[in-house]
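A look at the structure
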Amino acid sequence: MTDQTDTDLRSLLNDVLGLGPARTAALTADSGLFGALPELDSMAVANLLTEIEDRFGVVIEDDEVDGDMLGTFGDLLAFISAKRVGA
């Protein structure tokens, strides 16, 4: 499931943030997201979270949203993977 989740998350970031295929393909687990990508501002976070819920079939509680979750691509991937296992 993790490989598919990785692919789906890259697609979601491309769609929501408009990063383009080359930039999303170049993301590594250590690639910074919030604070590192100018496209990921506070307004984009709300859109991103909504899309994550819709595409991955999970519910993100308000108290789960923090800087750690959106710190790196790897952090966000791990968060979504954990949510999907628990869903």
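The residue numbering used here restarts from 1 in each chain and proceeds along that chain's sequence as written. Selection of residues for local features in this predicted model requires a pLDDT of at least 70, selection of side-chain atom pairs for listing and counting requires 80 or more, and totals for whole chains, interfaces and linings are taken over all residues. For the side-chain quantities, the full set of heavy atoms in the structure was used; hydrogens and water were omitted.

**What to know about the nonpolar core**
Formed by 24 residues in total, the largest nonpolar core has its most connected members in Leu9, Leu13, Leu40, Leu48, Ile52 and Leu76. Elements supplying a minimum of two residues to this core: helix 1 (2-17), helix 3 (42-56) and helix 4 (73-86). Numbering of helices and strands starts at the N terminus; helices are DSSP runs of H or I of at least 4 residues and strands are runs of E of at least 2. Ranked by residue count, the leading element in this core is helix 3, at 6 residues. When near neighbours in sequence (up to four residues on either side) are disregarded, Leu76 contacts Leu9, Leu33, Leu48, Ile52, Met69 and Leu70. Each nonpolar core is a collection of buried residues, namely Ala, Val, Leu, Ile, Met, Phe, Trp, Tyr and Cys, held together in the definition by side-chain atoms within 4.5 Å. Between buried and exposed lies partly exposed: a residue is buried under 20% and exposed over 50% of the maximum accessible area for its type, with that area taken using a 1.4 Å probe on protein chains only. Should any heavy atoms of two residues lie within 4.5 Å, those residues are counted as being in contact.

**Some remarks on the environment of Met69**
Among the secondary structure elements, Met69 is positioned in the loop between helix 3 and helix 4. Counting along the chain gives 66 residues from Met69 to Asp3, while the straight-line C-alpha distance between them is 19 Å.

**A closer look at the environment of Ile60**
With respect to the helices, strands and loops of the structure, Ile60 is situated in the loop between helix 3 and helix 4. Take Ile60: its relative accessible area is 9%, and that puts it in the buried class. Spatially, the C-alpha atoms of Ile60 and Arg23 are 26 Å apart, while their sequence positions differ by 37 residues. Beyond its immediate stretch of four places on either side in the chain, Ile60 contacts Leu49, Ile52, Glu53, Val65, Met69 and Phe79.

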